[in-house]
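Residue-level structure breakdown
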Amino acid sequence: DAGVTQSPTHLIKTRGQQVTLRCSPKSGHDTVSWYQQALGQGPQFIFQYYEEEERQRGNFPDRFSGHQFPNYSSELNVNALLLGDSALYLCASSLWADPTNEKLFFGSGTQLSVL
Amino acid sequence: QKEVEQDPGPLSVPEGAIVSLNCTYSNSAFQYFMWYRQYSRKGPELLMYTYSSGNKEDGRFTAQVDKSSKYISLFIRDSQPSDSATYLCAPQFYGNNRLAFGKGNQVVVIP
């Protein structure tokens with residue numbers, strides 16, 4: 001059983017460009033969350049998708065947007081990239097019905113570097 | 001005031017030592033208190049969690065929560081080189097999948 005898979009693993013972009021990151025959740029999971037982890041920091045919640053709708057959003061600007069597809073996979077889009085967007089972007093999948101996050105799993109992340 | 005405060009200072013200990021990690025949080029509505037372990041270039045993985053105040057033990061790991069002081073602790077007994085990782089505390093609300101992470105503690109266990 002493949003866990004949470006993210007692509008690509010590494011990405012280099014320049015300021016002002018746009019980027020799309022992809023995530024496939026663990027089999028059987030229906031909820032996808034995205035986190036940003038800057039170097040030396042803990043992950044920061046960006047947003048969460050369930051039933052193809054954004055259900056919660058953290059304190060991130062509108063440049064960050066997402067989508068969930070009928071097969072539960074998800075994309076994170078970032079427009080007008082800034083140097084400060086350089087970070088590890090983590091996807092986490094879980095079950096909407098699980099109130100404890102005991103079965104929440106993270107992928108290995110996409111390392112985004114903005115030059 | 002940040003939701004979760006965790007002193008990120010790296011911690012180096014000899015193999016077999018007891019490792020003590022802690023966090024403080026500001027929101028008294030948090031009910032579940034998770035500890036994640038993150039190896040270099042990997043995503044965090046759930047180590048253990050506790051509900052409300054009290055202690056929970058899992059092998060060499062013990063988690064403690066004191067809701068009256070909003071203080072979370074993790075103890076690792078008989079530490080092993082394989083315990084070398086970053087440990088992240090993450091309290092959460094019941095029924096809400098959003099995790100609020102601390103900065104993490106980098107632990108190095110020296111053989």
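See the structure printed just above.
Residues numbered from 1 in each chain as written. Chains lettered and ligands numbered in written order. Predicted model: local features only at pLDDT ≥ 70, side-chain atom pairs only at ≥ 80, totals over all residues. Heavy atoms only, no water.

1. Comments concerning the overall build of chain B
Stated precisely, the cut-off is as follows: Elements are defined by DSSP. Helices are runs of H or I of four residues or more, strands are runs of E of two residues or more, and each kind is numbered from the N terminus. Only C-alpha atoms enter the radius of gyration; for comparison, a globular chain is expected to reach 2.2 Å times N to the power 0.38, where N is the number of residues. Only protein chains enter the area calculation, which uses a 1.4 Å probe; residues under 20% of their type maximum are buried, those over 50% are exposed, and those in between are partly exposed. Two residues qualify as a contact provided that any one of their heavy atoms is within 4.5 Å of a heavy atom in the partner residue. With residues, only the protein chains shown are counted as cover, and all accessible areas are computed by Shrake-Rupley using a 1.4 Å probe. When charges are tallied, Lys and Arg are placed among the positive residues and Asp and Glu among the negative ones, while His and the ends of the chain are skipped. Positions of charges follow a simple convention, taking NZ of Lys, CZ of Arg, CG of Asp or CD of Glu.
Across its full length, chain B carries zero helices and ten strands. In sequence order, chain B lays out its α and β elements as β-β-β-β-β-β-β-β-β-β. Its C-alpha atoms give chain B a radius of gyration of 13 Å, within 12% of the compact-globule value 13 Å for 111 residues. The C-alpha extent of chain B, read off along each of the three principal axes, is 40 × 30 × 25 Å. Counting over 111 residues, chain B shows a buried share of 45%. Sequence separation of 24 or more characterises 55% of the internal contacts of chain B that already satisfy a separation of 6 or more. Total accessible area on chain B is roughly 5200 Å²; 46% of this is exposed by carbon and sulfur atoms. Treating the 11 positive side-chain charges of chain B as one cloud and the 10 negative ones as another, the clouds have centres 7 Å apart.

2. Some details on the state of the cysteines
Here is the rule we go by: Working definition: a disulfide is two cysteine sulfur atoms within 2.5 Å of each other.
Within the structure shown, the criterion is met by two disulfides over all chains. The disulfide partner of Cys 23 of chain A is Cys 91 of chain A, and the gap between their sulfur atoms is 1.8 Å. Its S-S torsion of about -60° marks the bond between Cys 23 of chain A and Cys 91 of chain A as left-handed, since a negative value means left-handed. Taken together, the positions of Cys 23 of chain A in strand 3 (residues 19-24) and Cys 91 of chain A in strand 9 (residues 87-94) put the pair 68 residues apart, joining distant regions of the chain. The class of Cys 23 of chain A is buried, set by a relative accessible area of 2%. There is a disulfide in this structure between Cys 23 of chain B and Cys 89 of chain B, and the S-S distance comes to 1.9 Å. The S-S bond linking Cys 23 of chain B to Cys 89 of chain B shows a torsion near -110°; that makes this disulfide left-handed. A residue pair is termed long-range when its members are at least 10 positions apart, and Cys 23 of chain B in strand 3 (residues 19-25) and Cys 89 of chain B in strand 9 (residues 85-92) qualify at 66 residues.

3. Some remarks on the side chain of Gln 6 of chain B
All names here are of chain B. The cut-off we apply is this: What qualifies as a polar contact is a pair of N or O atoms within 3.5 Å, subject to a donor-acceptor requirement within protein and to the restriction that residues adjacent in sequence count only when both atoms come from side chains.
Considering the arrangement of structural elements, one finds Gln 6 in the loop between strand 1 (4-5) and strand 2 (11-14). Its relative accessible area of 5% is what places Gln 6 among the buried residues. Side-chain polar atoms of Gln 6 contact the backbone nitrogen of Gly 104, separated by 2.9 Å. Looking at Gln 6, its side chain comes within polar contact range of the side chain of Asn 105, at 3.0 Å.

4. Section: the interface of chain A and chain B
Heads up, the condition is: In short, buried area is how much 1.4 Å probe accessible area vanishes from two parts on joining, totalled over both. Polarity classes work like this: nonpolar for Ala, Val, Leu, Ile, Met, Phe, Trp, Tyr, Cys and Pro, charged for Asp, Glu, Lys and Arg, and polar for all others, with Gly in that last group.
On the chain B side, the residues contacting the 24 residues of chain A number 22 residues. Where chain A abuts chain B, roughly 1800 Å² becomes buried across the two surfaces, and 48% of that area is made up of carbon and sulfur atoms. Where chain A meets chain B, there are three residue pairs in polar contact (both at pLDDT 80 or more). Where the side of chain A that touches chain B is concerned, the elements lending two or more residues are strand 4 (31-37), strand 5 (44-50) and strand 9 of chain A. In terms of residue class, the side of chain A that touches chain B is built from nine nonpolar, 13 polar and two charged.

5. Section: the packing of aromatic side chains
So the rule is basically this: The criterion for an aromatic pair is that two Phe, Tyr or Trp rings (for Trp, the six-membered ring) have centres within 6.5 Å, with stacked assigned to planes under 30 degrees apart, edge-to-face to planes over 60 apart and tilted to the rest. Here, a charge over a ring means that NZ of Lys or CZ of Arg falls within 6 Å of the ring centre while also lying within 35 degrees of the ring normal.
Tallied over the entire structure, the rule returns 14 aromatic pairs over all chains. Ring-pair connections join several aromatic residues into one group, and the members of that group are Tyr 35, Phe 45 and Phe 106 of chain A together with Tyr 36 and Phe 101 of chain B. Against the face of Phe 105 of chain A rests Lys 26 of chain A, its NZ or CZ located 5.2 Å from the ring centre. Above the face of the Trp 96 of chain A ring, Arg 55 of chain A is positioned so that its terminal group lies 5.6 Å from the ring centre.

6. A few points about the nonpolar core
What counts is decided by this rule: As used in this record, nonpolar core signifies buried Ala, Val, Leu, Ile, Met, Phe, Trp, Tyr and Cys residues forming a set joined through side-chain atoms within 4.5 Å.
Membership of the largest hydrophobic core comes to 24 residues, with the highest contact counts inside it found for Leu 21, Trp 35, Ile 72, Leu 74 and Tyr 87 of chain B. Of all the secondary-structure elements, those providing two or more residues to this core are strand 3, strand 4 (32-38), strand 5 (45-51), strand 7 (61-66), strand 8 (71-76), strand 9 and strand 10 (105-110) of chain B. Residue contributions to this core peak at four residues, all from strand 3 of chain B. Not counting the four nearest positions on each side in its chain, Tyr 87 of chain B is found in contact with Gln 6, Leu 21, Trp 35, Tyr 36, Arg 37, Leu 47, Phe 61, Leu 74, Ile 76, Gly 104, Asn 105 and Val 107 of chain B. Membership of the second largest hydrophobic core comes to 20 residues, among which are Val 32, Trp 34, Phe 47 and Cys 91 of chain A.

7. Description of the sheet that holds strand 10 of chain B
Residues and elements named next belong to chain B. Cut-off, in case you're wondering: Any two strands with at least two DSSP-identified bridges between them are counted as paired. Angles shown run from 0 to 180 degrees and are taken between the N-to-C directions of axes, each axis being a line fitted to C-alpha atoms and, for helices, limited to the stretch in contact.
The five strands are arranged 2-10-9-4-5 in an open sheet whose pairing can be described as mixed. The sheet is open, and its two borders are formed by strand 2 and strand 5, each paired with just one other strand. Taken pair by pair, the neighbouring strands of this sheet meet at an average axis angle of 25°, ignoring direction. As judged from the seven bridges shared by strand 4 and strand 9, these two strands associate in the antiparallel manner. Bridge pairing links Trp 35 to Cys 89 in strand 9.

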